[in-house]
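# Architecture at a glance
What follows is each chain in one-letter form.
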4 protein chains.
Amino acid sequence: MVEVVGTAPTSAMVITKFVYRHSWKTNYINIKGKLLDSITIMKLTIEQQKEIKNQQSQSNNTKRVTAPELEKILYEAVPALDHGFVRVIDYMGDDTSIVQSARVSYGKGTKQVSTDKGLIKYLMRHWHSTPFEMCEIKYHVKLPIFIARQWIRHRTANVNEYSARYSILDKEFYLPTHQNLAAQSTNNRQGRGDILEGDQAKEVLELLKNDAERTYLNYETMLNERYDGTKINENKKGLARELARMNLTLNTYTQWYWKTDLLNLMNFLRLRADHHAQYEIRVYADIMLDTVKKWVPITFEAFMDYRVGGTEVSAKGKTVIQKLIKGEKVLMEDSGLSKREWNELMEAFNLKDKLI
Amino acid sequence: MVEVVGTAPTSAMVITKFVYRHSWKTNYINIKGKLLDSITIMKLTIEQQKEIKNQQSQSNNTKRVTAPELEKILYEAVPALDHGFVRVIDYMGDDTSIVQSARVSYGKGTKQVSTDKGLIKYLMRHWHSTPFEMCEIKYHVKLPIFIARQWIRHRTANVNEYSARYSILDKEFYLPTHQNLAAQSTNNRQGRGDILEGDQAKEVLELLKNDAERTYLNYETMLNERYDGTKINENKKGLARELARMNLTLNTYTQWYWKTDLLNLMNFLRLRADHHAQYEIRVYADIMLDTVKKWVPITFEAFMDYRVGGTEVSAKGKTVIQKLIKGEKVLMEDSGLSKREWNELMEAFNLKDKLI
Amino acid sequence: MVEVVGTAPTSAMVITKFVYRHSWKTNYINIKGKLLDSITIMKLTIEQQKEIKNQQSQSNNTKRVTAPELEKILYEAVPALDHGFVRVIDYMGDDTSIVQSARVSYGKGTKQVSTDKGLIKYLMRHWHSTPFEMCEIKYHVKLPIFIARQWIRHRTANVNEYSARYSILDKEFYLPTHQNLAAQSTNNRQGRGDILEGDQAKEVLELLKNDAERTYLNYETMLNERYDGTKINENKKGLARELARMNLTLNTYTQWYWKTDLLNLMNFLRLRADHHAQYEIRVYADIMLDTVKKWVPITFEAFMDYRVGGTEVSAKGKTVIQKLIKGEKVLMEDSGLSKREWNELMEAFNLKDKLI
Amino acid sequence: MVEVVGTAPTSAMVITKFVYRHSWKTNYINIKGKLLDSITIMKLTIEQQKEIKNQQSQSNNTKRVTAPELEKILYEAVPALDHGFVRVIDYMGDDTSIVQSARVSYGKGTKQVSTDKGLIKYLMRHWHSTPFEMCEIKYHVKLPIFIARQWIRHRTANVNEYSARYSILDKEFYLPTHQNLAAQSTNNRQGRGDILEGDQAKEVLELLKNDAERTYLNYETMLNERYDGTKINENKKGLARELARMNLTLNTYTQWYWKTDLLNLMNFLRLRADHHAQYEIRVYADIMLDTVKKWVPITFEAFMDYRVGGTEVSAKGKTVIQKLIKGEKVLMEDSGLSKREWNELMEAFNLKDKLI
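This section reports on the structure supplied with the text. Each chain carries its own residue numbering, running from 1 in the direction its sequence is written. By the order in which they are written, chains take letters starting at A while ligands take numbers starting at 1. A pLDDT threshold of at least 70 governs which residues receive local features in this predicted model, and a stricter bar of 80 or more applies before side-chain atom pairs are shown or counted, although totals over entire chains, interfaces and linings include all residues. The side-chain quantities take in all heavy atoms of the structure and omit both hydrogens and water.

### What about the overall build of chain A?
Elements are defined by DSSP. Helices are runs of H or I of four residues or more, strands are runs of E of two residues or more, and each kind is numbered from the N terminus. Counting secondary structure elements, chain A contains 14 helices and eleven strands. The cut-offs for exposure are 20% and 50% of the maximum accessible area for each residue type, with area from a 1.4 Å probe on protein chains only; residues under the lower value are buried, those over the upper are exposed, and the others partly exposed. Across the 356 residues of chain A, 60% fall into the buried class. Residues are treated as being in contact if the distance between any of their heavy atoms lies within 4.5 Å. The contacts of chain A with a sequence gap of at least 6 include a subset with a gap of at least 24, amounting to 66%. Areas reported here follow the Shrake-Rupley algorithm with a probe of radius 1.4 Å; residue values treat only the protein chains shown as occluding. Summing over all exposed atoms, chain A offers an accessible surface of approximately 13,900 Å²; the carbon and sulfur share of this is 50%.

### Quick look at unusual backbone geometry
Phi at Trp127 of chain A is positive, roughly 55°, even though this residue is not glycine. Turning to its location among the elements, Trp127 of chain A is positioned in the loop between helix H5 (113-125) and strand E6 (136-144). Overall, the relative accessible area of 25% leaves Trp127 of chain A in the partly exposed class. One non-glycine residue, Asn224 of chain C, lies in the positive phi region at around 55°. With respect to the element layout, Asn224 of chain C can be found in the loop between helix H7 (198-223) and helix H8 (241-244).

### Brief notes about the interface of chain A and chain B
Taken together, the contacts link 55 residues of chain A with 55 residues of chain B. Together, the buried faces of chain A and chain B total about 5,200 Å²; carbon and sulfur atoms form 49% of this surface. By definition here, a salt bridge exists when the distance from a side-chain nitrogen of Lys or Arg to a carboxyl oxygen of Asp or Glu is within 4 Å. Here chain A is connected to chain B by four salt bridges. Note that Lys259 of chain B is salt-bridged to Glu136 of chain A, the shortest N-O span being 2.5 Å. Think of a polar contact as two N or O atoms within 3.5 Å of one another; within protein, one of them needs to be a possible hydrogen donor and the other a possible acceptor, and neighboring residues in sequence only count if both atoms come from side chains. Applying the counting criterion to the chain A and chain B interface returns 44 residue pairs in polar contact (both at pLDDT 80 or more). Secondary-structure elements contributing two or more residues to the side of chain A that touches chain B are helix H2 (46-56), strand E3 (60-62), helix H3 (68-73), strand E5 (84-92), helix H4 (95-102), E6, strand E7 (158-161) and strand E10 (253-261) of chain A. Three residue categories are used. Nonpolar comprises Ala, Val, Leu, Ile, Met, Phe, Trp, Tyr, Cys and Pro, charged comprises Asp, Glu, Lys and Arg, and polar comprises the others, including Gly. Residues of the side of chain A that touches chain B, tallied by class, amount to 20 nonpolar, 20 polar and 15 charged. Reported buried area values correspond to the accessible surface (1.4 Å probe) lost by two parts on association, with both partners' losses combined.

### A few points about the sheet that holds strand E7 (residues 158-161) of chain B
Residue and element names in this part refer to chain B. One requirement defines pairing of two strands: DSSP has to find at least two bridges between them. Strands sit in the order E4-E5-E6-E10-E7 across an open sheet of five strands; the sheet is antiparallel. On the outer flanks of this sheet lie strand E4 (78-80) and E7, each paired with one strand and no other. Strand-to-strand twist across the sheet, computed as the mean angle between neighbouring axes with direction ignored, equals 25°. Relative to strand E10 (residues 253-261), E7 runs antiparallel, the two sharing four bridges. Within E10, the position partnered with Val159 by the bridge is Trp258. Axis angles are defined between N-to-C directions and span 0 to 180 degrees, where every axis is a line fitted to C-alpha atoms and, for a helix, only to the segment in contact.

### Overview of the relation of the copies chain C and chain A
Two copies of the chain are present, and they differ by a rotation about an axis and a shift along that axis. Note on the copies: chain C fits chain A at an RMSD of 0.0 Å, the axial shift is 0.0 Å, and the rotation between them is 180°. Within this description, the copies of the chain are treated as partners about a two-fold rotation axis. Looking at the interface residues of chain C, 97% of them are also at the interface in chain A, so both copies use one shared face. The atoms used to superpose the copies are C-alpha atoms, taken from residues with pLDDT of at least 70 in both, and the fit is least squares.

### Observations regarding the packing of aromatic side chains
In this scheme Phe, Tyr and Trp rings, the latter by its six-membered ring, pair at centre separations within 6.5 Å, and the angle between planes marks the pair as stacked below 30 degrees, edge-to-face above 60, and tilted otherwise. One pass over the structure, following the stated rule, counts 32 aromatic pairs over all chains. Aromatic pair Tyr106 of chain C and Phe85 of chain D: ring centres 5.7 Å apart, planes at 65°, arrangement edge-to-face. Here Tyr106 of chain C, found in the loop between helix H4 (95-102) and helix H5 (113-125), pairs with Phe85 of chain D, found in strand E5 (residues 84-92), and the two come from separate chains. The exposure class of Tyr106 of chain C is buried, given its relative accessible area of 7%. Ring centres of Trp151 of chain C and Phe268 of chain C lie 4.9 Å apart, and the angle between their planes is 45°; on these two criteria the pair is classed as tilted. With Trp151 of chain C in helix H6 (residues 145-151) and Phe268 of chain C in helix H9 (residues 262-272), this residue pair connects regions lying 117 residues apart in the sequence. The buried category is assigned to Trp151 of chain C, whose relative accessible area is 0%.

### Brief notes about the sheet that holds strand E6 (residues 136-144) of chain C
Residue and element names in this part refer to chain C. Read from one edge of the open sheet, five strands run E4-E5-E6-E10-E7, paired in antiparallel fashion. Either end of the sheet is taken by a strand with one partner, and the two such strands are strand E4 (78-80) and strand E7 (158-161). The mean angle between the axes of side-by-side strands here comes to 25°, regardless of whether they run parallel or antiparallel. Each of E6 and strand E10 (253-261) touches H9; the most contacted strand, E10, lies at about 130° to it.

### So, the interface of chain C and chain A
Taken residue by residue, the interface counts 38 residues in chain C and 37 residues in chain A. Carbon and sulfur atoms supply 47% of the area buried between chain C and chain A, which totals about 3,500 Å² over both sides. Broken down residue by residue, the surface that chain C buries against chain A is led by Glu312, Ile325 and Phe349 of chain C, which jointly contribute 17%. Applying the counting rule to chain C against chain A returns eight salt bridges. Ionic pairing is found between Glu341 of chain C and Lys121 of chain A, a salt bridge with its closest N-O pair at 3.7 Å.

### A short note on the packing of helix H12 (residues 315-325) of chain B against helix H12 (residues 315-325) of chain D
Between H12 of chain B and H12 of chain D, the least distance of the axes is 8 Å, while the angle of their chain directions is 50°. The angle between H12 of chain B and H12 of chain D places the two elements in the oblique class. For the element pair H12 of chain B and H12 of chain D, the recorded crossing hand is left-handed. Within the contact between the two elements, H12 of chain B uses Ile321, Leu324 and Ile325 of chain B and H12 of chain D uses Ile321, Leu324 and Ile325 of chain D. With respect to orientation, any angle under 35 degrees is reported as roughly parallel, any angle over 145 as roughly antiparallel, any angle of 65 to 115 as roughly perpendicular, and every other angle as oblique. Two helices cross in a left-handed way if the nearer one is turned anticlockwise from the farther one by less than a right angle. They cross in a right-handed way if the turn is clockwise.

### Description of the relation of the copies chain A and chain B
Rotating chain A by 180° and moving it 0.0 Å along the rotation axis overlays it on chain B with an RMSD of 0.0 Å. Here 100% of the contact residues of chain A are again contact residues in chain B; the copies associate through an equivalent surface.

Listed below in structure tokens is the structure:
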């Protein structure tokens, strides 16, 4: 979960006093003092800032339930990675909506806060999942294409992406900070190991930066058009946009509107805020976890307890745990668990002395 | 589409001056004057009326977009059939939300109303469907079980139904008005023909009414509990609710919360407001069409023009039409169309003289 | 899981030597000796038997992978409850298909059985769920309507149901055996308690039987047509089928084709083969579990270990377990768990002495 | 639709006599004679060829229905673009399965071919879509990433993609042929115009080729590993794969297993085989259309007649057509249609003299 200290992030300026706790803090802590020349913080144009301010200044009357904490950050562009952001654009329902539909109530569905809380916890614990589908949220997200490709695998969501068939993409690409330039893990084929050291890190960053810039420049050349819409050579045609885009690298930023219900959002977050997830998508998941907290605080708490902080134990694992509690001796060899499973089980219960 | 004349329906009383146009008018026009003794209009308990009034009296501030016309009827129980209703409980977005996400805009996405309208029509015409998924609506519906079984076939929606495993169902069942007691169609195996006449109609209504009442009475006997929660025989146990419910007839009313996005709602309405749909589900579809009109008027208009009022023409049908326009002679036998297809085509274009 | 002893069930006769273990054994054990007069075993007409035999006699050549154990029971009507059945109609893929797609392989995807098994277990354990979607199965199921209504809530499946708008339903309704006539649970609002005793059980069965028969008789009267298609009164019209069906009780049998992928099938089975599920749907889930075992035995084993036989532990529960293993004293009051959660945790690990 | 003349494409060789008709013919017709040095046809390694041959040599017995024409090309890699392919890996059902489930039949569901055909056409015409969901197909596809990103927007499918977090991607990128180097359309913001001429075409191809090669080379440098698995510098670590991949361009090939039901496949094909679709995805759609023809020929024919070859006419459009048939004068200005709609309508019916 995300905690903000000091000045809250505002949508359109260089962030100065801003510390995110947990997994993604490294990014902003480091760029705070001295920005690497190749990395500039997410910037919005004057026009975009104005549009956002304009949205934020709305004050409409509604008979619908509202989530006051979420309203406070509505439309705000919370920065993610070097040029990305997450904006909450709209939402439907709050904690009471879950209770209301679980009870198929004529009214608000609430009895009193303590009863509601008990019901929400019960629903979460027993996988009575449909009431959580009764809340809906919509985000506007800016993110690197290779992350967008992971994200889109979650199919139970509605998406409208910026079209590079129709428009020219921004000249913005993701470049990791030094701290995030990790080597390939030696024991996990899809994981990261140590941070790359000095010269190699520098070399990698140079390659990423130069290739992104060159391919973007050639993208403009092929289009015969610059990002600002000016023509390069008045006597030439430009290559079709739907073709030229293929020259861009996968760290180019794209953006989309992404809408989903609370249940499917939690399914997304459970996988993508997990430490097995790729760092770059976790950054987004952490920001979104924070929006869930502001939106449906009771559900958030149950989610953290039962899903994010919880664990699953297999039938064989249950027998092992049971014996351990009874003080019986259990050997991995007799447990039916593989070494990997054994260690996963011991780690889940923080029994470090039992790792083998 | 539904038009209301005279006093608007209010949620909790006998409706006196109320005429619905189109397909479902017959129901209320007739019960207006003299109610059949076995059919009483949807009634809400004092408690339910209070809960609804309570919801309607909310006035929250929000930065979200609102749909003022829809706000006016929010939470209201619009009557459907004899005991059912449709209530809009919550919604997300309006016409501008479609435009906003189609443009992946930072702001409201609107340029000016005429441009927005053109874009929405374009999206509808060319099946660019994802922007319509960016609006969401939630209904509370009371409906007969046999209609609920048709309705639930639309899978891309979120549902929470009143649980007859957990609670006792209300003593309410659907009884058609005389006008809706149609005979089996003789030329369409899943359609209706003429209205049943006098004595037979009376007999059918008696059978429906008596069977529903007797099975409900026996439901209570098996439960050893009356609807109001009082025990029937203090010395007996009651059959489990999850079993006793199996004795109820399919015209018993159930209720649910049903939430979907605008695209899938239109898919539902296109099929269920169609004249091929069963009358009893069309009643609900017509009410919902009216809520779409209040919610997203521009989209509604495009939907009526391109989908509801439009038609599809096959490759072979196109050739026939083309020849007719050129004044060439076309015979069904040479067209590649079956007689049924031929007539469907001629009816679509209102060419009654060409029916065969 | 289901185990069959003695003669395997064949599709179209009175079952004589047939014992299903586990939850649904009671049904068939009891009807084995002496059938209650109101309960007759699922019967197929001569015509239906012939159609099934005809399908079973097919022998086609294919380059596709096959599941030999599943082929053996293909098309067979495995009886469920008193008149229902489950038939496997078609399937796609086997255990190797999961491995193949997880590896995005050009060939069969298998290396050797032990490696495949390890991979499947790994995928199951870490919720890498998409490879399990690469297998598909299709069932033909006959089931009571009130169970069909629970079942249909699983939306990620394809369904075609017998249409009572179009056809006349069979005169078949579910009547529980004495053993399944359970009273309402006193501590779980949606559960069952003890079996009803003698006279009350008899009374309940009589009510169910009589009401089902009377409503069916009146259904025919309204249709002016008997099930076999003969007209009752040549001078009368019949009520439209789409209307007459509303007079039937919820224990009337319906049937459908139901198709889903292996992942969603396991999601269904995890909930519906669970002891919290209603007995009548568990009967079907147990039969289907057995078909999964025949189809994808490696996946079945992993599913039973990690999902069906496993448990989830919340963050707070983990701390309790950890302390218990270390021999520390833990009190429910200090654990942050409610009494209910505490007992669920202790039961999950079979620590009966710790129940409170 | 695709027609093959001469030697059928076999999976793993240079294709010599091979003409695809229709939209994608240009690609292969041209590379037949003289291959551009930067474009080599899809090649499979010896190992991959062996695996495919191995699959094709399977001959299993099954009681399931089979589609003999589809069996003939099962597992075969049909070439698409310069390095891509489409392989049918598995399927479930055939035309009779649609009929079977529409009738909820105990047997094959067929009466006779003519009746089946009539039923399938009826279902297609009246949007009775669920029976088409009863057939399922699975493809193995190799395709450029920018096309994969369009494709994945079709959510009702199951997907397993080659993981560049886990493995190193092949050194293969899409380079268009000269004929496909189209300029940006001047009147359609997301379409193509004329072909680029001589020098500019050459320049564009050079840019695409060089950028793809350089970024791939740097990808290897960052990984400190070549595609064949050899290390580049024994004293260095490699950047994590999940990071290094971001340097690749969007024309890099990826591959996946993609499985869907027939209804959703037709929805995909209707949009992606349409002339508004990007050429590069149409190439794949055309190949898949051909597999549908081999698999379910009756459904294919109905699909081509009612969907692909058909058109939709709006309510206002219907009035225009009706007047034209009656020989009445109609002006665009009075029709309620915009100029664009008017022209779309006239083009749909091939009334070129009425274009304005």
